[in-house]
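Secondary and tertiary structure notes
Chain by chain, the residues:
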Amino acid sequence: MSKKPTISIVVPVYNEELVLPELHRRVSAVMDSIGETWELILVNDGSRDRSAEVIAQLHEQDERVKGISFSRNFGFQIAVTAGLDHALGQAVILSDADLQDPPEVFPEMIIKWREGYDVVYGQRKSRRGETWFKLFTAKLFYRLIYRITDIDIPLDTGDFRLMDRRVVDAIRHMPERNRFLRGLVPWVGYKQIGIEYERQARFAGESKFGGVRQMLPFALDAITSFSYVPLQMATYLGFTIAVISGLAILAVVVIRLFGPHTPLEGQGTTLVAVLFLGGVQLISLGIIGEYLGRIYDEVKGRPLYLVDQRWGFEEQGSRGAGEQG
Ligand code: UDP
Ligand code: MG
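A brief structural summary. Predicted, not measured: the structure shown is a model, and the values here were computed from it.

1. Structural notes on the nonpolar core
Within soluble globular proteins, side chains that are nonpolar generally end up buried alongside one another. Phe 70, Leu 84, Met 163 and Ile 171 are the most contacted members of the largest nonpolar core, which totals 40 residues. Sequence-distant contacts of Met 163, defined by excluding residues within four places in its chain, comprise Leu 84, Gln 90, Ala 91, Val 92, Leu 94, Asp 118, Val 119, Val 168, Ile 171 and Val 185. Among the nonpolar cores identified, the runner-up in size contains 35 residues, and Met 31, Leu 42, Ile 110 and Ile 195 belong to it.

This is the structure we're talking about:
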């Protein structure tokens, strides 16, 4: 096996057979032009198309292309984690397979890294080919995260970034299952800087994160892993309601004792109040449940992923093979 490359490029792959050859072409063109040694790690996250075959083929042609195939779909965050586990470079660049994050930006990131920055993240100046719904919800989501968490997640930033070895190692030492990388990376600290770029439209294939069904769990993971605010909301709400109803009780007593003899007609009011409180309690329980479920997942301590096949790696331990990082 050749010696360690300087730059590792980690790309999660889920049903991307159409884009992989083009990705390889553009990455090699860019990386060879700046004369860095590099490896491209393609993590096949249980694709249903021919992505695995394409990865094997690319590895045949160019041994700088390496591959990992999961036993099934484990999701984007886990695929990236596996890539980080296997990367040998002094710096690791994370990128989408679909060329939305243009490889032509890599050299600029590498320059910043050479200047001494530990994390260089891409900030989207514009996003082409995205629905207004996605743009709107993304904006809302980032503003919300900004308000309720302690870490500063930079605005308009996705997962496209370069990380120094020490940041990668720090992240590899975070054992959590619930991996919201966009939060973990700022959490690490060190010297971080953003560079602007134009987010392109997808080269081919379709987005896996367009729908509410993918976005909602993602948002919940992000919030629960970095904020207790939802849990505290139950407390605040409880106090508020207790104070208001305390005052109401007083008012009722006073009216009963000293007021005119109109009986308080209360059936409807009582019902509404009880139902309202019931609703609030169920919501609070649900919030606790969101956290509890995640705690349960962590406690079970299952491996983060299972590897089916590897291309270009010597046998080595990984969290997929049962060893805990
Ligand atoms: N991806 C993955 N596992 C999944 C879903 C997506 O590895 O379960 C990969 C996908 O192949 C792509 C990246 O994650 O390289 C981002 O996905 P996509 O481009 O569909 O998301 P978008 O850019 O539209 O947010
Ligand atoms: Mg994409």
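From this point, the discussion proceeds with the structure in view.
2. Comments concerning the packing of helix H1 (residues 20–33) against helix H4 (residues 106–114)
Following both chains from N to C, one finds H1 and H4 inclined at 40°, their axes separated by 10 Å at the closest point. As summarised for this structure, H1 and H4 are arranged oblique, according to the angle between their axes. Remark: the crossing between H1 and H4 carries right-handed chirality. Judged by residue contacts, Val 27, Val 30 and Met 31 of H1 engage Phe 106, Pro 107 and Ile 110 from H4.

3. Here's the deal with H1
Here H1 is 14 residues long and its end C-alpha atoms lie 20 Å apart, about the 20 Å a rise of 1.5 Å per residue gives. What H1 keeps buried is the set Leu 20, Glu 22, Leu 23, His 24, Arg 26, Val 27, Ser 28, Val 30 and Met 31. As for H1, its buried residues are in contact with strand E1 (7–13), strand E2 (38–44), helix H2 (51–61), strand E3 (65–70) and H4.

4. Looking at the environment of Arg 256
Note on placement: Arg 256 falls in helix H9 (residues 229–258). It is 56 Å that separates the C-alpha atoms of Arg 256 and Leu 155, two residues lying 101 residues apart in sequence.

5. Thoughts on the coordination of the magnesium ion (ligand 2)
Around the magnesium ion (ligand 2), the protein supplies Asp 96 (OD), Asp 98 (OD) and Gln 100 (OE1) as donor atoms, at distances of 1.9 to 2.6 Å. For the magnesium ion (ligand 2), all donor residues lie on one chain, and their spacing in sequence is D-x1-D-x1-Q. For Asp 96, a relative accessible area of 18% gives the class buried.

About the criteria used
- Residues numbered from 1 in each chain as written.
- Chains lettered and ligands numbered in written order.
- Predicted model: local features only at pLDDT ≥ 70, side-chain atom pairs only at ≥ 80, totals over all residues.
- Heavy atoms only, no water.
- Core = buried A, V, L, I, M, F, W, Y, C linked by side-chain atoms within 4.5 Å.
- Buried < 20%, exposed > 50% of the residue type's maximum accessible area, 1.4 Å probe, protein only.
- Contact = heavy atoms within 4.5 Å.
- Axes fitted to C-alpha atoms, helices over the stretch in contact; angles between N-to-C directions.
- Helix = DSSP H or I, 4+ residues; strand = E, 2+ residues; numbered from the N terminus.
- Parallel < 35°, antiparallel > 145°, perpendicular 65-115°, else oblique.
- Left-handed = near helix turned anticlockwise from the far one by under 90°.
- Expected span 1.5 Å × (residues − 1).
- Donors = N, O, S within 2.8 Å, 3.2 Å for Na, K, Ca; no water.

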